[in-house]
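This is what each chain is made of:
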Amino acid sequence: MNYIWEVVGRHPTGQQPTGAETIQKLCDRVASSTLLEDRRDAVRALKSLSKKYRMEVGTMAMDHLVRILQTDRSDTEILGYALDTLYNIVCSDEEEEPDDSEEENQQKQEDDLGAQFTEKFVQEPDNITLLLTLLEEFDFHVRWPGVKLLTALLKNQCAQVQGIILVSPMGVSRLMDLLADSREVIRNDGLLLLQQLTKGNTAIQKIVAFENAFERLLEIITEEGSSDGGIVVEDCLLLLLNLLKNNSSNQNFFKEGSYIQKMKPWFEVGDDNSGWSAQKVTNLHLMLQLVRVMVSPVNSPGATASCQKAMFQCGLLQQLCTILMATGVPADILTETINTVSEVIRGSEVNQDYFASVNAPSNPPRPAIVVLLMSMVNERQPFVLRCAVLYCFQCFLYKNHKGQGEIVATLLPSTIDANSISAGQLLCGGLFSADSLSNWCAAVALAHALQDNLTQKEQLLRVQLATSLGKPPVSLLQQCTNILSQGSRVQTKVGLLMLLCTWISNCPIAVMHFLHNQDNVPFLTGQISENLGEDERLVQGLCALLLGICIYYNDNSLENYTKEKLKQLIEKRIGKENFVEKLGFITKHELYSRAAQKPQPAFSTPEHMLFDHEFTKLVKELEGMITKAVLRSSEEEKKEEEVKKTLEQHDSIVTQYKELIREQDSQINELKEQVSSMTIQNEKLQNTITQQFSQIQQHKDQYNILKLKLGKDNQQTGNQAEAAHVNGLQPEELSQLREQLEELQRQNQRLQTQLTEKDSIITSLRAEGMPSAEGSASEVTELQKEVELLKAQLQSQTAEITKLQSEKQELLRGSETTTAVPGEDSVHTEKIAELESRLSAQTAETQKLKGEIKTLVESKELMEKELASATSTAAIMQTEKSKLQQEVQESKKEQDDLLMLLADQDQKILSLKQKLKDLGETIEDEDDLDSRDQFDDDDDDEEEEEECDE
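Keep in mind that this is a model prediction, so the values were computed, not measured.

On to helix α12 (residues 202-210), then. For α12, the set of buried residues is I204, Q205, V208 and A209. Along the long axis of α12, the arc covered by the buried residues comes to 135°, so they all point the same way. Taken together, the buried residues of α12 touch α9 (158-167), α10 (171-176), α11 (184-197), α13 (213-223), α14 (231-244) and α15 (248-256). Between the side-chain oxygen of the N-cap and the backbone nitrogen of A203 there are 3.2 Å, and the N-cap of α12 in question is N201. Backbone geometry just downstream of α12 places N212 in the positive-phi region, at approximately 70°.

For the rest of this paragraph, the subject is the packing of aromatic side chains. The geometry of an aromatic ring pair comes down to the distance between the two centres and the angle between the two planes. Per the counting criterion, the structure on display carries 11 aromatic pairs. Taking 5.9 Å as the distance between ring centres and 65° as the angle between the ring planes, the aromatic pair formed by F312 and Y354 counts as edge-to-face. One end of the pair, F312, is in helix α17 (residues 301-313); the other, Y354, is in helix α20 (residues 349-357), with 42 residues separating them in the sequence. The class of Y354 is partly exposed, set by a relative accessible area of 23%. An aromatic cluster of at least three residues, connected via ring pairs, comprises F210, F214, F253, F254 and Y259. Stacked on the ring of W144, the Lys or Arg K148 has its end atom at 4.0 Å from the ring centre.

Within the element layout of this structure, N339 appears in helix α19 (residues 331-345). When its relative accessible area of 6% is taken as the criterion, N339 is described as buried. Among all residues touching N339, those that are not within four sequence positions of it are R292, A388, Y391 and Q600.

Taken together, E890, E894, D896 and D897 make up a surface patch of like negative charges. By the element assignment, E894 lies in helix α40 (residues 824-919).

Right, let's talk about unusual backbone geometry for a bit. Positive phi values are uncommon outside glycine, yet S258 reaches one of about 60°. For S258, a relative accessible area of 37% gives the class partly exposed. Notably, K399 is not glycine yet its phi reads approximately 55°, a positive angle. Considering the arrangement of structural elements, one finds K399 in the loop between α22 (383-397) and α23 (401-409).

Turning next to the packing of helix α21 (residues 368-376) against helix α24 (residues 423-431). Across the interface, α21 lies against α24 with an axial gap of 9 Å and an inter-helix angle of 10°. Comparing the axis directions of α21 and α24 gives the class roughly parallel. Residues V370, L373, M374 and M376 of α21 lie in contact with α24, whose contacting residues are A423, L426 and L427.

Another aspect to go through is the nonpolar core. By size, the foremost hydrophobic cluster in this structure holds 208 residues, and its most contacted members are L150, L175, W266, F267, F355, W503 and L545. Setting aside its immediate chain neighbours within four residues, L175 contacts L132, L135, L150, I165, L193, L194 and L197.

Our next topic: the pattern of salt bridges. Inspection of the entire model under this criterion finds 20 salt bridges. A salt bridge links E224 to R187; the shortest N-O distance between them is 3.0 Å. With a gap of 37 residues between them, E224 in the loop between α13 and α14 and R187 in helix α11 connect regions that are remote in the sequence. Given the relative accessible area of 25%, E224 is considered partly exposed. One salt-bridge network, held together by shared partners, links R40, D41, R44, D75 and E77.

To continue, consider the environment of K120. Structurally, K120 can be placed in helix α6 (residues 100-122). A relative accessible area of 32% places K120 in the partly exposed class. Excluding anything up to four places from it in sequence, K120 contacts G58, T59, M62 and D63.

Let us look at the state of the cysteines. Applying the stated criterion across every chain yields a total of zero disulfides. For the unlinked cysteine C441, the closest cysteine sulfur is that of C387, found at 6.3 Å. Residue classification places C441 among the buried residues on the basis of a relative accessible area of 1%.

Residue placement: Q600 occurs in the loop between α34 (590-595) and α35 (613-631). The exposure class of Q600 is buried, given its relative accessible area of 19%. Distance in space between the C-alpha atoms of Q600 and C395 is 9.2 Å, their sequence separation being 205 residues. Here Q600 is in contact with R292, N339, E343 and Y391, once residues within four sequence places are set aside. Within polar-contact distance, the side chain of Q600 engages the side chain of R292 at 2.6 Å.

What counts and how
Residues numbered from 1 in each chain as written. Predicted model: local features only at pLDDT ≥ 70, side-chain atom pairs only at ≥ 80, totals over all residues. Heavy atoms only, no water. Buried < 20%, exposed > 50% of the residue type's maximum accessible area, 1.4 Å probe, protein only. Helix = DSSP H or I, 4+ residues; strand = E, 2+ residues; numbered from the N terminus. Arc of directions from axis to C-beta. Contact = heavy atoms within 4.5 Å. Polar contact = N/O pair within 3.5 Å; in protein donor to acceptor, adjacent residues only side chain to side chain. Phe/Tyr/Trp six-rings, centres within 6.5 Å; stacked < 30°, edge-to-face > 60°. Lys NZ or Arg CZ within 6 Å of the ring centre and 35° of its normal. Patch = residues over 30% accessible without salt bridge, like charges linked within 9 Å, V, L, I, M, F, W, Y side chains within 5 Å. Areas by Shrake-Rupley, 256 points an atom, 1.4 Å probe, with all protein chains shown as cover. Salt bridge = Lys/Arg side-chain N within 4 Å of Asp/Glu carboxyl O. Lys, Arg positive; Asp, Glu negative; His and termini not counted. Charge placed at Lys NZ, Arg CZ, Asp CG, Glu CD. Axes fitted to C-alpha atoms, helices over the stretch in contact; angles between N-to-C directions. Parallel < 35°, antiparallel > 145°, perpendicular 65-115°, else oblique. Core = buried A, V, L, I, M, F, W, Y, C linked by side-chain atoms within 4.5 Å. Disulfide = S-S within 2.5 Å.

Now the structure itself:
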């Protein structure tokens, strides 16, 4: 204390000042001193007093210490003293341990005091920002106390400090730099800081993950020796759990970054597994939890499936199975490994198939499933281990119909091997053993072999059990009911009832087998109607559920136990309201909601093992349906069946209309395709005609030029035959050309005639109105054929034009090369004129063909429109026809009813007349009346004819 008195300026002689006075003096010195050394000494003195006088220092010196952090940034020594002092204020001294009698109260007071000072410090967000800025200082005496102070603040006021750091620029990034510090003390305390920072804050977890935290943490784990490492490995694993648990974004980032593959070396254990240290057990336990976080059932199914696939492909599952079958592994590690393997294979077909192929290293080798089931039904094994094996078996059968079939097959007579122990034999042995926990576990395991699998439910009915020598075998179903009626323990009854409910639900054949035993229904009604204690209320509820399943899934194949008779039995012996009340005992049980939360069996004691997770789903599904089925009357059921039939009929009608609409859509699509193809062909023809027009125009221009050249010498004459012979054009060829022209003219006339006929057809169709859809379709087809024919004729005309153009070119070449011969020019002039006339005729015909094609295309489009309208009209007429047919049927029905009424009325009239005759009354017969009426009618007709003649 002499040092302190020197700082405050007083000596320990005489009356010494109190601690509060000394701290006040030091605070004044910090606030008023101008020399840095004086302030440093005062802060050092406050640090030494901060543990003993925590209240006084925190109350009087906190503001001064914060001001030191703001103003004396250049001196790292005073910053370190100030940070240490603040740390001592907000954090309780863990080294001082009070007496046992005062320990609890004093610790509570210190925690409250630290929380108060933390709240005061955090009230000013700039203080946290200032602290983050100081962490950038590399000096050890500043950085290390800053890390400890921020960690203590997070422990006391986590949410507030997290919010400030989250909005601070680069706040999380500055803290991530601590993991890269070469000084292990700062790095390790940085891990503790990040653990507190990432607790329960998804946003900060994401930022830390994207700051490359996974890569750095895995490197530290490898550097520290993986599972053989020390407390640093544990801190890294705890931080990884914080980042990944309940954070789908980080889980996906971890998987996409191929970090799952880097987890495999953690589980490489040697052959010598003796002497595991406590730290290694802790590390491996956390590593297994990290694997489970990635494949937890609460994750999305897609993310879980992708992680399961990655774990199988990288060999992680195989490594876990190796630990599972290894010797010398501690019990808690073995239990957690079983739970981890369970969730890695749950719902994954590939992983489940691999697990089924794993064999234990025994002689002879046995499947791993058999070895695990042996532990489950062995009452000497630890309770948590038996629960883990049950969970593993459930996960192996989850959505695994193949595995369910293999388990049930081991119970069938044709597949039983007397020389080996099978899974079915172990389950049966556990089901009928003296240990109630083995009964429950075996019943639940067998129920999972039947879950959502109607085939295996029916196959299990074939299982026969030999009870004792000299007695016939009984079925497994019958043996379960026999054990129920023998008054076994509550846990055994609950397990067997859950098995029976799962077995016969949604399986009418199993219901029939269960009801075929005359003792089952009286036993259930007796159990439900009795007033039992609290422990037996759950059994009553399960019996009510089992009886309700027998009603709901009853196919009425047994006359004595039809749906209606069972409901009458309930009403007479139990009462419907009482039955529903007993059924509600299941969901009201305190352990029901706990089992419904997650698939893994989590029970504190064996006595609490009453409900299975999958069974809670079944109860939730069936409770409402069974209640309705029991409370409904027979008339309501008939009405409901009629409604169902009506809905089925409506569904069939809707299906028919859907098919009709699909057919019409396909027809419309085909017509659209035809229209599009015709449009494309039309465009091609238009392009061809345009090209031909351009070629004809070019030939005309060439012809005019040639005509001008030959016009100067047109007075010379010569022999026409010789000139023709010179130019290579014989009279026979000219006659052939004339014949071809005449043939083309005849074809043109035929085409015009055909066009006239088509026009008359179109006119007649328009005059007739709406044609039938089939006729319109055939006419559209005929129009398409006509268009194709015109296209062929157009091509032949094009070929003729091409031929004439070649002849013209030969004439032109001949006129240029021939020597002067008398009469030669006149011959050329005549031939060119003739060719020009033929070209003009061909051009005219081409124009006509183009017009005809255009007319036909327009006609085709009009016919298609008419076809569409005819189709719609036909559909409307079909609808009206069906309505009329329905009305006719109703009229016929009404007419039949009237005829029946008239017949009844006539019969009554005859009977009344007979009675009147018996009484002596004179009654005219209807035949007389009819004859009179007929006579009167004839007279009236004659009078009308006379009036008409007049």
